Amino acid sequence: MFFLQVTTNHSDVSLVLFLGTLGMLVLVIGLILFIIFHQRRVIRYQQKLQNLEIEQQKMMLTASIKLQEEERQRLAADLHDDAGPLLATARLYLNENLVNQDKSTQLQSIYQARQIIDDTIQLIRNISHSLMPPTLKNFGLESAVNDLFQKISGSGTINASSRFHDYSDRLKPEKELVVFRIIQELINNILKHSNSSFIHLTENVHGDKFYLRIHHDGRGIVQSDFEKLTKSNIGLGLKNISSRMRVVHGSINFEKDISQTYYKITLELPKDDPYES
Amino acid sequence: MKFHKIERLFFNILNYSFLLPVLSFVLFFNKLRFKRVAIVIVIYSVIIFLLLFFDDFLSDHYRKEYSTFYTTIEYLCFTYIIAEIIRDRSFRILMLVLSISFILFELLVNFSLRQFHRIDSVPIGIETILILIYAFFLFYEQFKVMETGYIYSKHWFWFVTGILFYLSSSFFFNILASNNIEIAGRYWYLTWIFETIKNILFVVGIILLAIRQVKDKNSSSIPYLDMV
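To keep things clear, this report deals only with the structure shown in the data block. As the structure is a computational prediction, the values presented were derived from the model and not from experiment.

About the thresholds
Residues numbered from 1 in each chain as written. Chains lettered and ligands numbered in written order. Predicted model: local features only at pLDDT ≥ 70, side-chain atom pairs only at ≥ 80, totals over all residues. Helix = DSSP H or I, 4+ residues; strand = E, 2+ residues; numbered from the N terminus. Buried ≥ 20, exposed ≤ 12 C-beta atoms within 10 Å, placed from the backbone. Core = buried A, V, L, I, M, F, W, Y, C linked by C-beta atoms within 7 Å. Contact = placed C-beta atoms within 7 Å. Nonpolar A, V, L, I, M, F, W, Y, C, P; charged D, E, K, R; others polar. Pairing = 2+ DSSP bridges. Right-handed = clockwise from strand over helix to strand, strands pointing away. Axes fitted to C-alpha atoms, helices over the stretch in contact; angles between N-to-C directions. Parallel < 35°, antiparallel > 145°, perpendicular 65-115°, else oblique. Left-handed = near helix turned anticlockwise from the far one by under 90°.

A short note on the overall build of chain B
(1) Moving on: Secondary structure summary: chain B contains 10 helices and zero strands in total.
(2) Moving on: Reading chain B from its N end, one meets helices and strands in the order α-α-α-α-α-α-α-α-α-α.
(3) Moving on: Out of the 228 residues belonging to chain B, those deemed buried represent 33%.

Thoughts on the nonpolar core
(1) Moving on: Counting 44 residues, the largest nonpolar core has B:Ile81, B:Ala135, B:Val160, B:Ile163 and B:Ile206 as its most contacted members.
(2) Moving on: Every element with two or more residues in this core is listed here: helix 2 (10–93) of chain A together with helix 4 (36–53), helix 5 (63–85), helix 7 (121–145), helix 8 (155–177) and helix 10 (189–221) of chain B.
(3) Moving on: Among the elements that make up this core, the one with the highest residue count is helix 8 of chain B (15 residues).
(4) Moving on: What B:Ile163 contacts, discounting residues up to four positions off in sequence, is B:Phe78, B:Ile81, B:Ile131, B:Ala135 and B:Lys198.
(5) Moving on: Core analysis: the second largest hydrophobic core is formed by 30 residues, A:Ala144, A:Phe180, A:Ile183 and A:Leu212 among them.

Here's the deal with the interface of chain B and chain A
(1) Moving on: Between chain B and chain A, the residue contacts involve 22 residues of the former and 21 residues of the latter.
(2) Moving on: Counting residues per element, the ones that place at least two in the side of chain B that touches chain A are helix 7, helix 8 and helix 9 (181–186) of chain B.
(3) Moving on: Ranked by residues supplied to the side of chain B that touches chain A, first place goes to helix 8 of chain B with 10 residues.
(4) Moving on: Grouping the amino acids of the side of chain B that touches chain A by side-chain chemistry returns 16 nonpolar, six polar and no charged.

Considering the pairing of strand 1 (residues 159–164) of chain A
All names here are of chain A.
(1) Moving on: The pairing of strand 1 with strand 2 (residues 198–206) spans six bridges and is parallel. Its bridge partner being in strand 2, Ser 161 is matched across the sheet by His 200.
(2) Moving on: Considered for its hand, the β-α-β crossover made up of strand 1, helix 6 (residues 173–194) and strand 2 is left-handed.

Description of the packing of helix 4 of chain B against helix 5 of chain B
All names here are of chain B.
(1) Moving on: Where helix 4 meets helix 5, the axes come as close as 10 Å, and the angle between the chain directions of the two elements is 160°. Put simply, helix 4 runs roughly antiparallel to helix 5. Once helix 4 is placed against helix 5, the crossing between them reads as left-handed. Here helix 4 contributes Val 37, Val 40, Ile 41, Tyr 44, Ile 47, Ile 48 and Leu 51 to the contact with helix 5, which in turn contributes Tyr 66, Tyr 70, Ile 73, Cys 77, Tyr 80, Ile 81 and Glu 84.
(2) Moving on: Looking at the contact of helix 4 with helix 5 residue by residue, the classes come out as 13 nonpolar, no polar and one charged.

A short note on unusual backbone geometry
Most of the time, phi is negative for any residue but glycine, and the peptide bond is trans.
Residues and elements named next belong to chain A.
(1) Moving on: With phi around 55°, His 249 is a residue other than glycine that occupies positive phi space.
(2) Moving on: Topologically, His 249 is positioned in the loop between helix 8 (236–247) and strand 4 (251–256).
(3) Moving on: Residue classification places His 249 among the exposed residues on the basis of 9 C-beta atoms within 10 Å.
(4) Moving on: Backbone geometry at Gln 260 places phi at a positive 65°, although glycine is not the residue there.

What about the pairing of strand 2 of chain A?
(1) Moving on: Where strand 2 of chain A and strand 3 (residues 209–216) of chain A come together, eight bridges link them in antiparallel fashion. Residue A:His200 lies in a different strand from strand 3 of chain A, and its bridge partner there is A:His215.

Pasting the structure below:
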């Protein structure tokens, strides 16, 4: 206001009027355009992120379906190649001519058939156990993991050990199964690819979080490799781990120890609410 | 007021452009009858239309009351449009406090002045600054939220853009008017152009508001059809 009051020259006043108005309009138009373009950029970025997320979900789903199909094929192969011939052999021993044969031959045939049927029962039990480990179902994650590690260690090729520090509050059975499958997949990868001499698993809880860490001294991967592999067309097992972690709202981290000697894989997931039904 | 023909034309266009928001409201009456922001714009448009329509017949004796009433109505309408969108409760309370203070200040300034120069420059200047602050805060708030959907698909964006155009273009004219009416008056018609643009943008906003009502109605009438 002041500078307008002291201005006496008409052309100066006109100039102030036009420049002032022009400046205000430029300011307003600039602001509005900035908001529009910034918002467009943000929305485009969000859409890009969404598309990536969808793409990754698709890949996870494909991996999951593929894994399920592979599991079915393995089951079909086990039943067809192992259980089928065993039962057919047992049937041969128990054919119609059995009644016409002498007693010792009859007894021998029945004994053989019983042996084969026992083998078949064992085979079906093994298949069933591979689908749902009975230790996990009956005694929980701690026992199932310890059992798994004892079996691996018992083979004599690798030293495997596990320790649960605080597992007084068990996870929900469905969560335990997911965690167990993840551990199985990780152990399977370590056995297949790492060429390590030991595997060690530790469990603990902190606050409302449940932690599991696997150490091994072989060849391993770090988080960036994991993320790259889950986004690529290979790494079916890792994709499966990633999708399972999402199911339990957890996170997984692959890293190398500070000493650069060991690889560490850390699982972090929320503990179950004790009041939740 | 003596007008040149072209200026008279601009004035008439401006005056009758205030009927556009009213007409668009009437056109979408069924969808907008309960929308307070649309009703406020209609009331504002009708009042300003009448004020401008009878401007020529107004005695200079009542110019002070006329200007005060005009500025107050304009300020209240613009503030309401912005306040309806702002979510921050404390800022809304601040707006209320500032609005009461502004109206008291305006009455004090306009009615305590011995000599009144055709237009109340100081209150209009403050009105403009206040509305600009409210509008900037609204954009800042929306900037933080960044909901999905483009900002120009929202009705309030057009209302606020119209207000900003009008106020920013007329700011210097208004503050200059009481000091140098001769020069300000020479180019005054330019503010009418921007005010006309503001009314057109208000119409765009009203139409968008009506369209949104139709969309909301349609989406709520579809039953839940998913199997699971």
